[in-house]
Amino acid sequence: MFTPEARARMADGRQDLDAIREIFDDPDALLRFLDREGVDRAVLVNYVSPDIIGFGDEVNEWVGTYCKGHEDRLIAM
């Protein structure tokens, strides 16, 4: 959902893009990351920002679906 500009800015200088992409695609990958970091729960905050980030209203459904089945640890906001 990112605009090309937002994606490029977020990727600039990062060495961990493969891990980030995996986390975006798989909530279990996020949970494994949280476990390694000693984090019990996370609130996933998304907001509609089509002009700057590229997120339209569909981001709300995406985050809800992403957290489904993991509501004990992932809280969609």
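Before any of the text, the structure's been laid out above.
Reading guide: rules and limits
Residues numbered from 1 in each chain as written. Predicted model: local features only at pLDDT ≥ 70, side-chain atom pairs only at ≥ 80, totals over all residues. Heavy atoms only, no water. Buried < 20%, exposed > 50% of the residue type's maximum accessible area, 1.4 Å probe, protein only. Helix = DSSP H or I, 4+ residues; strand = E, 2+ residues; numbered from the N terminus. Arc of directions from axis to C-beta. Contact = heavy atoms within 4.5 Å. Phe/Tyr/Trp six-rings, centres within 6.5 Å; stacked < 30°, edge-to-face > 60°.

Notes on helix 4 (residues 58-67)
Among all positions of helix 4, only Val 59, Val 63, Tyr 66 and Cys 67 are buried. Seen end-on, helix 4 carries its buried residues on one side only, within an arc spanning 90 degrees. Opposite the buried face of helix 4, by more than 90 degrees, sit the exposed residues Glu 61 and Thr 65. Looking at the packing, one finds that the buried side of helix 4 touches helix 2 (17-25), helix 3 (27-37), strand 1 (42-44) and strand 2 (74-76). Immediately downstream of helix 4, the backbone of Gly 69 shows phi near 90 degrees, a positive value.

A word on the packing of aromatic side chains
Taken as a whole and assessed by the stated rule, the structure comprises three aromatic pairs. For the pair Phe 2 and Phe 55, a centre-to-centre distance of 5.1 Å together with 50 degrees between the ring planes defines the contact as tilted. Placement of Phe 2 in the segment before helix 1 (4-11) and of Phe 55 in the loop between strand 1 and helix 4 is noted, with a sequence separation of 53 residues between them. In this structure Phe 55 comes out as buried when scored by relative accessible area, which is 11%. Three or more aromatic residues joined by ring pairs make a cluster, and in this case those are Phe 2, Phe 24 and Phe 55.

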